[in-house]
Amino acid sequence: MQAARLHEYTDDMSEGLTIDEVDRPAATGPDDVIVEVEGAGWCQTDNHIIEGMWAEYVPQELPLTLGHENAGTVVETGDNVDLVSPGDPVICHPVQTCGTCRPCRLGETMYCENDAFNGLTTDGGFAEYLHTSERSVIPLPSGVEPIDIAPHADAGITAYHAAKKAVADLNPGDHAVVIGVGGLGHIGLQCLDAMSAARITAVDLKESALDLADGYGADHLVNPSEADVADEIEGLTDGTGAAQVLDFVGEDVTTAYAPEITAAGGDHHIIGYGGHVHEPSQALVNGEFSFVGNIVGRYAELQELVALVEQGDVDLHTSRYDLGEINTVAEKLEHREIDGRAVITP
């Protein structure tokens, strides 16, 4: 089968991956599931993996097939699998977990001590077929096509995971800010709108992204190149600030907004990454706000997100590309030329 593989780390996205001919995976274990990939979302994390940013955090053996947002049709299962059968459409949680370590027993599957992460620590779905496990697949409801939902396997549940935490501390009359209305942000905004009664302000440098936000439920739009973000939020909230800020950019300039736009006792959720947090400790003491880190959501949260998709509360804005266009997609994302999410169709 064909697969897009990373052979060495590079900053040049134009030649980051190569299309190789590799063996098709097989269900050799009792809990294995082999999926024919119909859609695989491209993530900013894929660019970071190509750059080598993750090498110091997780073990990576190159060459590696990237792709952690995967959906498709089951073609083979191990002897013990009864959740799905060949022919079933599924979305694949990116993490394969053991189910027996303490974090798994507590339901914190993202902290599994024996996990394998598709496209990060083990081969992913930028390929014709994907090896995963029964614990990682979710059958899709009738009418939901794999190619249409694939990016929810990471972009969706990461955004939902953050929004769910934020919603727990949002009351009617509160204000929320979404920074960055890209692949994750446009999903997070819809989750906030569906799950809370808060007023939502979307912040982005691209007018096309703000147009997307306007269509997905944002009450106010701010372009930082045209207006001061802190002044805008102060005016919109009568000086109170936003109870919850969801930062899908995570660069130095956006984390620096926190002391000026986050309400006392509020949270600045960091979902995007690549920057740093540079704030004096006194700023946190004075405002009593918190920086909150977010990683990929749990398996159960992907189930919840699929339910929101099925009932029409969350939509995906996508564009599709062939496997051979994979480096073109990487370059486009690097230059902020993609609205919503790009989906690779192996």
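Rules used in this analysis
Residues numbered from 1 in each chain as written. Predicted model: local features only at pLDDT ≥ 70, side-chain atom pairs only at ≥ 80, totals over all residues. Heavy atoms only, no water. Helix = DSSP H or I, 4+ residues; strand = E, 2+ residues; numbered from the N terminus. Buried < 20%, exposed > 50% of the residue type's maximum accessible area, 1.4 Å probe, protein only. Areas by Shrake-Rupley, 256 points an atom, 1.4 Å probe, with all protein chains shown as cover. Phe/Tyr/Trp six-rings, centres within 6.5 Å; stacked < 30°, edge-to-face > 60°. Lys NZ or Arg CZ within 6 Å of the ring centre and 35° of its normal. Axes fitted to C-alpha atoms, helices over the stretch in contact; angles between N-to-C directions. Parallel < 35°, antiparallel > 145°, perpendicular 65-115°, else oblique. Left-handed = near helix turned anticlockwise from the far one by under 90°. Contact = heavy atoms within 4.5 Å. Nonpolar A, V, L, I, M, F, W, Y, C, P; charged D, E, K, R; others polar. Core = buried A, V, L, I, M, F, W, Y, C linked by side-chain atoms within 4.5 Å. Pairing = 2+ DSSP bridges. UniProt positions renumbered as here; feature names shortened; annotations may be inferred.

**So, the overall build of the chain**
Counting its secondary structure elements, the chain contains twelve helices and 18 strands. Its C-alpha atoms give the chain principal-axis dimensions of roughly 60 × 40 × 35 Å. Residues counted as buried form 55% of the 346 residues belonging to the chain. As displayed, the chain offers around 14600 Å² of accessible surface, 43% of which is attributable to carbon and sulfur atoms.

**Describing the packing of aromatic side chains**
For the structure shown, the criterion picks out four aromatic pairs. Aromatic side chains Trp42 and Phe126 sit 5.0 Å apart centroid to centroid with 5 degrees between the ring planes, which places their arrangement in the stacked category. Of this pair, Trp42 sits in strand S3 (residues 32-42) while Phe126 sits in the loop between strand S8 (116-117) and strand S9 (129-133); the two residues are 84 residues apart in sequence, bridging distant segments of the chain. Assigned by exposure class, Trp42 and Phe126 land together as buried. For the pair Trp54 and Tyr57, a centre-to-centre distance of 6.1 Å together with 65 degrees between the ring planes defines the contact as edge-to-face. Through a chain of ring-to-ring contacts, three or more aromatic side chains come together here, namely Trp54, Tyr57 and Tyr273. When the ring centre of Tyr129 is taken as origin, the NZ or CZ atom of Arg24, which lies over that ring, is 4.5 Å away.

**Thoughts on the packing of helix H4 (residues 155-167) against helix H5 (residues 185-195)**
When two helices pack together, their arrangement is given by the angle between their axes and by how far apart the axes lie. One way to put it is that H4 packs onto H5 with a least axis distance of 8 Å and a crossing angle of 40 degrees. Classified by the angle their axes make, H4 and H5 are oblique. The hand of the H4/H5 crossing is right-handed. In this structure, H4 contributes Ala155, Gly156, Ala159, Tyr160, Ala163, Lys164, Ala166 and Val167 to the contact, and H5 contributes Ile187, Gly188, Cys191, Leu192 and Met195. The residue inventory of the contact of H4 with H5, partitioned by class, reads ten nonpolar, two polar and one charged.

**Regarding the nonpolar core**
Across soluble globular proteins, you tend to see nonpolar side chains buried next to one another. Judged by nonpolar contacts, the single largest core of 81 residues is most densely connected at Leu17, Trp42, Ile91, Phe126 and Leu192. Ignoring any residue separated from it by four or fewer positions in sequence, one finds Trp42 in contact with Leu17, Asn47, Ile50, Glu69, Phe126, Ile326, Val329, Ala330, Leu333, Arg341 and Ala342. Among the nonpolar cores identified, the runner-up in size contains eleven residues, and Ile179, Val203, Val245 and Tyr257 belong to it.

**Things to note about the pairing of strand S15 (residues 262-270)**
Counted residue by residue, S15 has seven buried out of nine residues, so it is predominantly covered. Relative to S15, strand S14 (residues 242-247) is paired through five bridges, and the arrangement is parallel. Residue pairing in the sheet places Val245 in a bridge with His268 of S15. Note that S15 and strand S16 (residues 290-293) share four bridges and pair parallel.

**Points about the UniProt feature "domain: Alcohol dehydrogenase-like N-terminal" (unreviewed entry) in the chain**
Look at the UniProt record and you will see "domain: Alcohol dehydrogenase-like N-terminal" (unreviewed entry) annotated at residues 29-141. In the segment residues 29-141, helix accounts for 11% and strand for 34%; the C-alpha atoms at its two ends are 27 Å apart.

**Some details on the sheet that holds strand S11 (residues 175-179)**
Here six strands make up an open sheet; going across it, the order is S13-S12-S11-S14-S15-S16 and the pairing parallel. The outermost strands of the open sheet, each flanked by one partner alone, are strand S13 (220-222) and S16. Taking each pair of neighbouring strands and ignoring which way they run, the sheet shows an average axis angle of 20 degrees. Helix-sheet contacts for helix H6 (residues 207-215) involve strand S12 (199-203) and S13, and the interaxial angle to S13 is about 170 degrees.

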